[in-house]
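# Descriptive structure summary
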Number of protein chains: 2
Amino acid sequence: MSPAAASLPAVSYSVPRRASEAGGEAFPLHLGDTWRTPPAGCRMEDLAAADHPGLYRYAPPQGLPALVDALLERTRAESGAAVQRKNLLVTAGATAGFAAVLGTLLSPGEELLLPAPHWPLAAGLARAFGAVPVQVPFHGLARSADEAVSLIAARTTPRTAALYLCSPNNPTGDVLPRAWIEALVEWAGREGLWVLSDEVFRDFVYEGEAAHAFALAPERTFSFRSFSKGYGMAGNRCGWVTGPLRPLGEALKMSTQLVYSAPTAAQLAALAALQGPGEAWIAEARRQYCGTGRRVAGRLRVPAPQGATFLFLDVARELDGEDLPAFLRRCAGRGLLLAPGPGFGPYPTHLRLCFSAAPPETVERGAELLAGMLGR
Amino acid sequence: MSPAAASLPAVSYSVPRRASEAGGEAFPLHLGDTWRTPPAGCRMEDLAAADHPGLYRYAPPQGLPALVDALLERTRAESGAAVQRKNLLVTAGATAGFAAVLGTLLSPGEELLLPAPHWPLAAGLARAFGAVPVQVPFHGLARSADEAVSLIAARTTPRTAALYLCSPNNPTGDVLPRAWIEALVEWAGREGLWVLSDEVFRDFVYEGEAAHAFALAPERTFSFRSFSKGYGMAGNRCGWVTGPLRPLGEALKMSTQLVYSAPTAAQLAALAALQGPGEAWIAEARRQYCGTGRRVAGRLRVPAPQGATFLFLDVARELDGEDLPAFLRRCAGRGLLLAPGPGFGPYPTHLRLCFSAAPPETVERGAELLAGMLGR
């Protein structure tokens with residue numbers, strides 16, 4: 001067994017399927033997923049082999065040429081960056097994109113700075129390649145661009161190779177001000193670090209503005225995107241990376257080794273969404289998520305999310321001596337599934353609720369149940 | 001850039017798209033793919049969200065429970081092995097299965113024995129995790145089980161961690177006799193090595209018998225399977241691994257980090273094929289591939305393949321001083337795409353032709369063109 005494998009955490013997303021055992025209503029709010037189906041015209045049932053002759057064949061490892069073209073156009077429009085075809089790589093979800101890029105950039109023993117709380121897989125992905133995730137408590141602590149840089153810089157060592165950023169953040173929902181991202185990217189440049197910008201929730205900003213980090217420093221920055229969050233295609237496994245030419249060329253080789261190519265049908269569905277009804281779908285989803293997120297945040301007496309589809313709650317006071325796993329088991333016993341804080345960093349008394357994972361009424365009833373259990 | 005990434009080969013599958021430039025008929029026989037579409041009822045167009053409520057959501061990282069159940073039943077029936085649910089892992093193609101298992105088993109600097117010629121990605125996958133692929137010329141050389149073991153054993157070092165086997169073999173098409181596989185697995189056990197048995201072409205045996213290696217030594221053997229080859233779903237990205245409980249549990253964590261889950265639609269399509277028309281599809285595909293393979297082997301004056309969907313030809317004599325890339329470029333200029341031998345090991349004058357990658361008449365015309373260019 002490799003030391004890398006031995007160091008991997010069990011993934012906390014895979015919570016017990018207690019809801020079905022409880023027999024009552026299920027509130028599966030633990031996964032970062034959506035209850036919405038993709039736009040009409042962008043579903044599996046819309047894909048006929050007669051219309052798409054290569055539908056069941058391997059796609060080229062970089063991605064279907066038509067999808068790469070559409071993403072080029074979209075990236076230019078969104079960011080103003082002078083992207084070329086070889087700046088883009090279509091991946092089997094943003095997750096596989098991170099795997100390819102982290103496997104390419106990080107040598108064993110090198111460190112990846114993870115502003116915490118952070119997307120759980122980021123730490124395990126660094127470990128998978130023998131690198132060391134360094135969790136830096138950050139979201140909710142920094143109050144200015146200078147403080148943001150100071151918090152991160154304090155944890156830098158000679159082994160630091162890269163900085164991960166995530167805005168809108170999973171799990172806190174905060175949107176980093178553009179000036180902070182600019183300051184962090186500039187600092188990373190001075191330190192000679194790669195920047196890995198997780199922008200999978202970019203389409204879901206309710207307050208503030210999402211930055212496209214690649215455009216800020218195209219020689220050292222990777223922006224990761226996903227069709228899972230926008231367009232509701234998490235199960236399809238399709239995302240894309242924008243990054244610097246030479247390292248992205250190396251990441252293409254890594255991606256080819258690890259998965260060969262992103263699923264062909266998923267790429268065709270993504271292309272259909274980009275060309276057609278995707279924007280309207282996102283606008284409607286954004287409006288609904290924002291409303292639901294604000295209502296459940298209010299009920300749970302936490303600030304409204306600025307973006308993404310999560311609330312990250314500290315329940316230390318209400319646990320009153322009970323440990324978090326025991327509390328989450330009690331929730332699961334009543335049909336309510338939530339993700340435990342320790343998956344996101346040093347947060348032994350936090351939990352994450354995803355407010356897009358079920359229809360709004362279900363989410364609101366789940367939040368009501370949680371509020372009751374917490375006495376809020 | 002990690003040393004692992006720097007050591008990755010460019011993947012030789014990605015051959016220039018010259019055929020389209022040539023303007024004439026295209027013979028794209030370089031990829032290990034099929035021209036056949038999946039069985040009716042197992043296509044994307046057959047998947048409606050109304051029938052499959054979780055169609056666009058993440059699947060559980062181990063795989064959809066119904067698919068895991070069906071694979072358990074199939075594995076028991078095929079191999080007689082006493083498999084449990086936790087012996088199975090559904091992956092985003094066999095490739096991602098290898099990534100998860102190699103990343104789990106191999107520590108940096110450890111060696112993976114690769115009987116050559118071998119599936120090209122096997123070498124790069126070992127390198128991706130800092131391990132060392134050791135190519136052992138084997139297929140076509142061993143003449144008995146004892147010789148098979150001797151050839152492999154001669155390349156074993158204190159750093160050897162695992163033995164890769166592939167039968168039916170990609171690219172040679174040979175099917176290892178059951179007694180050889182038994183001898184190799186037994187030898188690996190004595191040496192304390194893992195066995196990684198690539199069985200993705202198991203459904204395409206024309207002579208001899210395919211072994212299910214996991215059943216021979218379930219405590220140290222992984223069998224890799226794919227829905228890409230059987231059922232013609234390469235673009236879907238779905239495969240599965242059968243392996244020992246504890247290391248497969250670790251590989252599940254690795255797989256979750258690298259890709260999260262196999263595409264949901266691909267898993268539903270695979271399940272439909274297992275439950276319904278898959279066997280008839282495979283029987284028909286096997287009959288056709290076997291006939292086409294024998295005819296083109298005859299035309300090219302090489303032995304008929306025992307299995308899989310490839311011919312691996314040594315064209316040293318006909319190159320007459322021209323180097324292989326130049327010859328392959330000339331082929332591409334006439335619309336004929338073939339995979340270069342060096343991707344499969346130390347084979348500077350070999351090429352691989354896939355006889356399932358295009359309809360039989362196209363393959364036969366492509367073989368005729370190649371025979372003419374070789375003066376055969």
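Here, the structure is the one placed above.
A brief look at the structure comes next.

Conventions used here
Residues numbered from 1 in each chain as written. Chains lettered and ligands numbered in written order. Predicted model: local features only at pLDDT ≥ 70, side-chain atom pairs only at ≥ 80, totals over all residues. Helix = DSSP H or I, 4+ residues; strand = E, 2+ residues; numbered from the N terminus. Rg over C-alpha atoms; globule rule 2.2 N^0.38 Å. Buried ≥ 20, exposed ≤ 12 C-beta atoms within 10 Å, placed from the backbone. Contact = placed C-beta atoms within 7 Å. Least-squares fit on C-alpha atoms with pLDDT ≥ 70 in both. Axes fitted to C-alpha atoms, helices over the stretch in contact; angles between N-to-C directions. Parallel < 35°, antiparallel > 145°, perpendicular 65-115°, else oblique. Left-handed = near helix turned anticlockwise from the far one by under 90°. Nonpolar A, V, L, I, M, F, W, Y, C, P; charged D, E, K, R; others polar. Expected span 1.5 Å × (residues − 1). Arc of directions from axis to C-beta. Pairing = 2+ DSSP bridges. Right-handed = clockwise from strand over helix to strand, strands pointing away.

## Some points on the overall build of chain A
When helices and strands are counted, chain A shows 14 helices and 12 strands. In terms of overall size, chain A behaves like a compact globule, its C-alpha atoms giving a radius of gyration of 20 Å where 376 residues would be expected to give roughly 21 Å. Overall, the C-alpha framework of chain A stretches about 55 × 55 × 45 Å when taken along its three principal axes. The proportion of buried residues among the 376 residues of chain A is 59%. In chain A, 76% of the contacts between residues at least 6 apart in sequence involve partners at least 24 apart.

## Concerning the relation of the copies chain B and chain A
Overlay of chain B on chain A (RMSD 0.0 Å): rotation 180 degrees, translation along the axis 0.0 Å. Expressed as an axis order, the relation between the two copies is that of a two-fold axis. In terms of proximity to the rotation axis, the leading residue of chain B is Glu45 of chain B, whose C-alpha is 1.9 Å off the axis.

## Topic: the packing of helix 11 (residues 278–299) of chain A against helix 14 (residues 360–374) of chain A
Residues and elements named next belong to chain A. Look at helix 11 against helix 14: their axes get within 9 Å of each other, and the N-to-C directions meet at 15 degrees. Relative to helix 14, the element helix 11 lies roughly parallel. Between helix 11 and helix 14 lies a crossing of right-handed hand. Here Gln288, Thr292, Arg295, Val296 and Arg299 of helix 11 come into contact with helix 14, specifically with Pro360, Val363, Glu364, Ala367, Glu368 and Ala371. Residues belonging to the contact of helix 11 with helix 14 are distributed by class as follows: five nonpolar, two polar and four charged.

## Things to note about the interface of chain B and chain A
Listed as interface residues are 62 residues of chain B and, on the opposing side, 62 residues of chain A. Only helix 1 (3–6), helix 4 (93–105), helix 5 (120–128), helix 9 (245–259) and helix 10 (264–275) of chain B provide two or more residues apiece to the side of chain B that touches chain A. A breakdown of the residues in the side of chain B that touches chain A according to their chemical character gives 39 nonpolar, 16 polar and seven charged.

## Points about helix 14 (residues 360–374) of chain B
Residues that lie three or four places apart on an α-helix share one face, since the helix turns once every 3.6 residues. Residues and elements named next belong to chain B. Its 15 residues place the ends of helix 14 21 Å apart at the C-alpha level, agreeing with the 21 Å of an ideal helix rising 1.5 Å per residue. Here helix 14 has its buried residues at Val363, Gly366, Ala367 and Leu370. Relative to the axis of helix 14, the buried residues are bounded by an arc of 100 degrees and lie together on one face. Of the exposed residues in helix 14, those oriented more than 90 degrees away from the buried face are Glu361 and Gly372. As for helix 14, its buried residues are in contact with strand 1 (27–28), helix 11 (278–299), helix 13 (324–333) and strand 10 (336–337).

## Details of the pairing of strand 4 (residues 132–137) of chain A
Residue and element names in this part refer to chain A. Pairing between strand 3 (residues 111–116) and strand 4: six bridges, direction parallel. Across the sheet, Leu113 pairs through a bridge with Val134, a residue of strand 4. Viewed along the sheet, the connection from strand 3 through helix 5 (residues 120–128) into strand 4 turns out right-handed.

## Regarding the sheet that holds strand 9 (residues 310–314) of chain A
Residues and elements named next belong to chain A. With antiparallel pairing, three strands are arranged side by side in an open sheet as 9-12-11. Both edges of this open sheet fall to strand 9 and strand 11 (339–340), since each of them pairs with a single strand only. Alignment of strand 9 against strand 12 (residues 350–354), held across five bridges, turns out to be antiparallel. Bridging across to strand 12, Asp314 finds its partner in His350.

## What about the environment of Lys253 of chain A?
All names here are of chain A. Here Lys253 shows up in helix 9 (residues 245–259). Assessed through the 24 C-beta atoms surrounding it within 10 Å, Lys253 is described here as buried. Counting along the chain gives 153 residues from Lys253 to Ala100, while the straight-line C-alpha distance between them is 8.3 Å.

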